[in-house]
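As a plain string of letters, each chain reads:
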Amino acid sequence: MIVLGIETSCDDTGIGIYDFKKHKVLSHIVSSQHEIHKKFLGVVPEYAARAHLEVIDVLFDYALKEVNLKPKDIDLICVTNRPGLIGSLFVGLMFSKGLSLALERPLKAVDHLEAHIFSPFIGFKKEDIPFPFLSIVVSGGHTHFYLVEDIGKYTLVAKTLDDALGEAFDKVGSHILNLGFPGGPYIDKIFQSYKGEYVSFTYPKVKKNPFNLSFSGFKTQAIKYYNQGIDKIKLAASLQKCTVDYLVSKIEKILKHYKINALAISGGVSANSYFRKKILSLKNVKVYLPNLKYTADNGVMVAYIGGFLFEKYGEDPIDVNAYSYSPLQQFN
Ligand code: KG4
Ligand code: ZN
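Quick caveat: nothing in here was measured; it's all calculated off a predicted structure.

Draft legend 1. Spatial organisation of the overall build of the protein chain. A count of helices and strands for the protein chain gives ten helices and ten strands. Once the C-alpha set of the protein chain is aligned to its principal axes, its extents read approximately 60 × 45 × 35 Å. Relative to its full complement of 332 residues, the protein chain shows a buried share of 56%. In the protein chain, the share of contacts with a sequence separation of at least 24, taken over all contacts with a separation of at least 6, comes to 73%. If you sum the accessible surface of the protein chain, you get close to 14800 Å²; carbon and sulfur atoms cover 54% of it. Each charge class in the protein chain was averaged separately, 39 positive and 33 negative side chains, and the resulting centres sit 8 Å apart.

Encoded structure:
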């Protein structure tokens, strides 16, 4: 089964082609819109939707040509339909519906979070996915922890109560420290060559569920340090060190509580060098990290989980809608 995956939930247009029988990635193409949004220091939804529209058909043709396939060789069309920017989601969804009707192939709508959750396992057969595992999606929009028992069986066990970690990096890195957009990779680059002392950040207290997290206080403390004249290189490196230490301390607590010995990390921030290093040094747990090329938004992860969802639940109706929110973002 040749599966097409289309991702347009935010500011990356992703096309993936995945051979579901051989569990092999055939094509992985992403067009990033960072150049368009960088002068606004954030994603402008209207520009994002228009930019997806401009490139999606070109990327689709390119992806097919690259692997010498014809549109009719595609057996299943998978597309992200939630959560995300509604205008952006509609571009991918409508393009996919058009293909589904024209090619007479089934359509499967995919949750963006679900696609990230399984991205560390791209290339794995179902029987090699280590259920149950703890999944942490850490991106620009999410810092969410799930207990994953099977395809389609997820329990949200903790999440950030305010900013996502990537969002905190982006706000401090781009808006306060003026390092570039998005801030996360710039902060990480600084961290990697930084050799000095760190300033410390106080960990936030969260009410009720002790596994939940909060990152907005780190932002406020960063502003305070900045106003005190702390060097911005030191500040950027310290922010990465302290927020990642904090996140990993939560991960350790959750693993212990749920007695889980498999851990999967995903989302844009899973590319972070210090986070990867710390996670890999955890004891008594098998760690699964996505290949760096699948940490950020992409179509391959949509094709991969879409194939399993289609096998388990069948196709979606052609009138399937797009949604800015996902049930996976909220506690039951
Ligand atoms: O998963 P993703 O591509 O899009 C969302 O679904 O949000 O994640 C983008 C986020 C941005 O906040 C970006 O700054 C962050 O991932 N990011 C990083 C790194 N690379 C990307 N944050 C820290 N270190 C990195 N190396
Ligand atoms: Zn994402």
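Draft legend 2. Geometry of the pairing of strand S3 (residues 24–32). Sheet topology places strand S2 (residues 12–19) next to S3; eight bridges connect them, and they run antiparallel. Looking at the pairing, Gly16 lines up with His28 of S3. Where S2 folds back onto S3 in an antiparallel hairpin, the turn is made up of four residues, including His23, whose phi is positive at roughly 50°.

Draft legend 3. Main features of the coordination of the zinc ion (ligand 2). Note on the zinc ion (ligand 2): its protein donors are His112 (NE2), His116 (NE2) and Asp297 (OD). The metal-donor distances range over 2.1 to 2.2 Å. Relative to the metal, the four donor atoms surrounding the zinc ion (ligand 2) lie at angles of 92 to 146°, and the coordination shape comes out irregular. Using a relative accessible area of 1% as the deciding quantity, one classes His116 as buried. A relative accessible area of 14% means that Asp297 is categorised as buried.

Draft legend 4. Expanded view of the domain arrangement of the protein chain. Domain parsing of the protein chain yields domain 1 (2–122 + 294–313) and domain 2 (130–289). For domain 1 and domain 2, the distance between their C-alpha centres works out to 26 Å. Tallying the contact residues gives 22 residues for domain 1 and 26 residues for domain 2. Among the residues of domain 1 in contact with domain 2, Leu41, Ile117 and Thr295 are the three that bury the most area, contributing 31% of the side total. The interface formed by domain 1 and domain 2 holds one salt bridge in total. Among the salt bridges present, the one from Asp150 reaches Lys312, with a minimum N-O distance of 3.6 Å. In this structure, the connection of domain 1 to domain 2 is made through five residue pairs in polar contact (both at pLDDT 80 or more). When residues of the side of domain 1 that touches domain 2 are traced back to their parent elements, those giving at least two are helix H1 (34–37), helix H4 (112–118) and helix H10 (300–313). In the side of domain 1 that touches domain 2, the residues fall into 13 nonpolar, six polar and three charged.

Draft legend 5. The site of ligand 1, seen in detail. Around ligand 1, 20 residues are found, and the nearest of them are Gly140, Asp170, Asp188, Gly268 and Asn272. Between ligand 1 and His116, the relevant distance is 3.3 Å, taken from an oxygen atom to a side-chain nitrogen or oxygen of the residue. One nitrogen or oxygen atom from the main chain of Gly184 is found 3.2 Å from an oxygen atom belonging to ligand 1. In the complex, 86% of the free accessible area of ligand 1, which totals 560 Å², lies under the protein chains. Taken together, the elements giving at least two residues each to the shell around ligand 1 come down to H4, helix H5 (165–176) and helix H6 (183–193). Taken together, the residues that form the shell around ligand 1 break down as six nonpolar, eleven polar and three charged. Counting contributing residues per domain, the shell around ligand 1 is built from domain 1 (2–122 + 294–313) and domain 2 (130–289), each supplying no fewer than three.

Draft legend 6. Expanded view of the layout of surface pockets. Taken as a whole, the second largest pocket spans an internal volume of roughly 160 Å³. If you trace the second largest pocket, you find it lined by Arg82, Lys108, Ala109, Asp111, Glu114, Gly152, Tyr154, Leu309, Tyr313, Asp316, Pro327 and Leu328. Elements with a contribution of two residues or more to the lining of the second largest pocket: strand S5 (107–111) and H10. Take the lining of the second largest pocket: its biggest share by element is three residues, from S5. A per-class count over the lining of the second largest pocket returns six nonpolar, one polar and five charged.

Draft legend 7. Summary view of the packing of H6 against helix H8 (residues 232–258). Contact pair H6 / H8: the axes reach a minimum separation of 8 Å and the direction vectors enclose 100°. In this view, H6 runs roughly perpendicular relative to H8, as classed from their interaxial angle. Residue-level contacts link Ile187, Asp188, Ile190 and Phe191 of H6 to Ile233, Ala236, Ala237, Leu239, Gln240 and Lys241 of H8. Of the residues in the contact of H6 with H8, the class split is seven nonpolar, one polar and two charged.

What counts and what doesn't
- Residues numbered from 1 in each chain as written.
- Chains lettered and ligands numbered in written order.
- Predicted model: local features only at pLDDT ≥ 70, side-chain atom pairs only at ≥ 80, totals over all residues.
- Heavy atoms only, no water.
- Helix = DSSP H or I, 4+ residues; strand = E, 2+ residues; numbered from the N terminus.
- Buried < 20%, exposed > 50% of the residue type's maximum accessible area, 1.4 Å probe, protein only.
- Contact = heavy atoms within 4.5 Å.
- Areas by Shrake-Rupley, 256 points an atom, 1.4 Å probe, with all protein chains shown as cover.
- Lys, Arg positive; Asp, Glu negative; His and termini not counted.
- Charge placed at Lys NZ, Arg CZ, Asp CG, Glu CD.
- Pairing = 2+ DSSP bridges.
- Donors = N, O, S within 2.8 Å, 3.2 Å for Na, K, Ca; no water.
- Tetrahedral: all angles 85-135°; square planar, octahedral: opposite > 155°, others 65-115°.
- Domains from an automatic or database assignment.
- Buried area = accessible area lost by both parts, 1.4 Å probe.
- Salt bridge = Lys/Arg side-chain N within 4 Å of Asp/Glu carboxyl O.
- Polar contact = N/O pair within 3.5 Å; in protein donor to acceptor, adjacent residues only side chain to side chain.
- Nonpolar A, V, L, I, M, F, W, Y, C, P; charged D, E, K, R; others polar.
- Near = heavy atom within 4 Å.
- 1 Å grid on protein atoms, 1.4 Å probe; cavity = no way out; pocket = protein on both sides within 12 Å on 5 of 7 lines; lining within 4 Å.
- Points joined across faces, edges and corners; volume = space filled by probe spheres on them.
- Axes fitted to C-alpha atoms, helices over the stretch in contact; angles between N-to-C directions.
- Parallel < 35°, antiparallel > 145°, perpendicular 65-115°, else oblique.

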